[in-house]
Amino acid sequence: MENTEESANKARRFIYEKSVDFAQAKANRIYIEQYLKSKLALLMSESSETTMAGKEMDAKRHQDYLNLLFGLKEAVATEEELKWKLISAQLAVEIYRTESANNRAIDKGM
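As the structure is a prediction and not an experimental result, all values here were calculated from the model.

Enquirer: Please provide a residue-by-residue account of the packing of helix α1 (residues 5-46) against helix α3 (residues 63-109), values included.
Expert: For the pair α1 and α3, the least separation of the axes is 7 Å and the interaxial angle reads 160°. Taken together, the axes of α1 and α3 lie roughly antiparallel to each other. For the pair α1 and α3, the crossing hand works out as left-handed. Looking at side-chain class alone, the contact of α1 with α3 contains 23 nonpolar, 4 polar and 12 charged residues.

Next up, the structure:
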């Protein structure tokens, strides 16, 4: 990948455009993590088991809880994918900036 001003600008635009998507992905993940705790408590309260361990086992094997876990898996995957794409774009800008500074220093030296 060539580091040109155009590619650096493209990377900056990508960061700007995807920052909203990343924020939403992170919010989704945090929401599901917190909702999992509430759902576990609700399911435990509905359980007919008599011990806390039994209630927890009952709740954690409930399909609603398992569906939330799958949703969490998807939310984390989306967030992590966006995070690393944004980091990659940031690196592209930094590399361009460094190469430009190096080229200016070389040009000054001539």
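Enquirer: Explain α1 to me, using residue names and the numbers behind them.
Expert: If you check α1, its first and last C-alpha atoms are 60 Å apart, about what 42 residues at 1.5 Å a residue would give, namely 62 Å. Lys18 marks the point of greatest bend in α1, at about 40°.

Enquirer: Please give an account of the nonpolar core that cites residues and values.
Expert: Ile32, Leu36, Leu40, Leu43, Met44, Ala59, Tyr65, Leu68, Leu72 and Ala75 form the largest nonpolar core, which has 10 residues in total. Elements represented by at least two residues in this core include exactly α1 and α3. Of the residues forming this core, the biggest block, 5 residues, is contributed by α1.

Enquirer: Can you tell me about the packing of aromatic side chains, naming the residues and giving the values?
Expert: Enumeration over the complete set of coordinates arrives at 1 aromatic pair. Relative to Tyr35, the ring of Tyr31 has its centre 6.0 Å away and its plane inclined at 5°; by these criteria the two rings are stacked. Here the residue Tyr31 and the residue Tyr35 both occupy positions in helix α1, the gap between them amounting to 4 residues, near one helical turn. The exposed category is assigned to Tyr31, whose relative accessible area is 56%. On the accessibility criterion, Tyr35 (32% relative accessible area) is partly exposed.

Conventions adopted
- Counting from 1, residues in each chain are numbered in the order their sequence is written.
- In view of the model being predicted, local features appear only for residues whose pLDDT reaches at least 70, and side-chain atom pairs are presented and counted only at 80 or more, with totals across whole chains, interfaces and linings using the full set of residues.
- Side-chain figures throughout are based on the complete set of non-hydrogen atoms in the structure, without hydrogens or water.
- Helix axes are fitted only over the stretch in contact, all axes being lines through C-alpha atoms; the angle between N-to-C directions runs from 0 to 180 degrees.
- A run of DSSP states H or I qualifies as a helix once it reaches four residues; a run of E qualifies as a strand once it reaches two. Both are numbered from the N-terminal end.
- To sort the angles, those under 35 degrees are grouped as roughly parallel, those over 145 as roughly antiparallel, those from 65 to 115 as roughly perpendicular, and the leftovers as oblique.
- If you view the pair so one helix is near and one far, a crossing is left-handed when the near helix is turned anticlockwise from the far one by less than a right angle, and right-handed when it is turned clockwise.
- Throughout, the ten residues Ala, Val, Leu, Ile, Met, Phe, Trp, Tyr, Cys and Pro are labelled nonpolar, Asp, Glu, Lys and Arg are labelled charged, and all others, Gly among them, are labelled polar.
- Expected span of a helix, by definition, is 1.5 Å for each gap between consecutive residues, and there is one gap fewer than residues.
- Bend is computed residue by residue as the angle between axes fitted to the seven residues ending at the residue and the seven residues starting at it.
- Think of a nonpolar core as a cluster: buried Ala, Val, Leu, Ile, Met, Phe, Trp, Tyr and Cys residues, connected wherever their side-chain atoms sit within 4.5 Å.
- In this scheme, a residue with accessible area under 20% of its type's maximum is buried, one over 50% is exposed, and one in between is partly exposed, where area comes from a 1.4 Å probe on protein chains only.
- Paired rings are identified among Phe, Tyr and Trp, the last through its six-membered ring, by centres lying within 6.5 Å, and are further divided according to the angle between planes into stacked (under 30 degrees), edge-to-face (over 60) and tilted (the rest).

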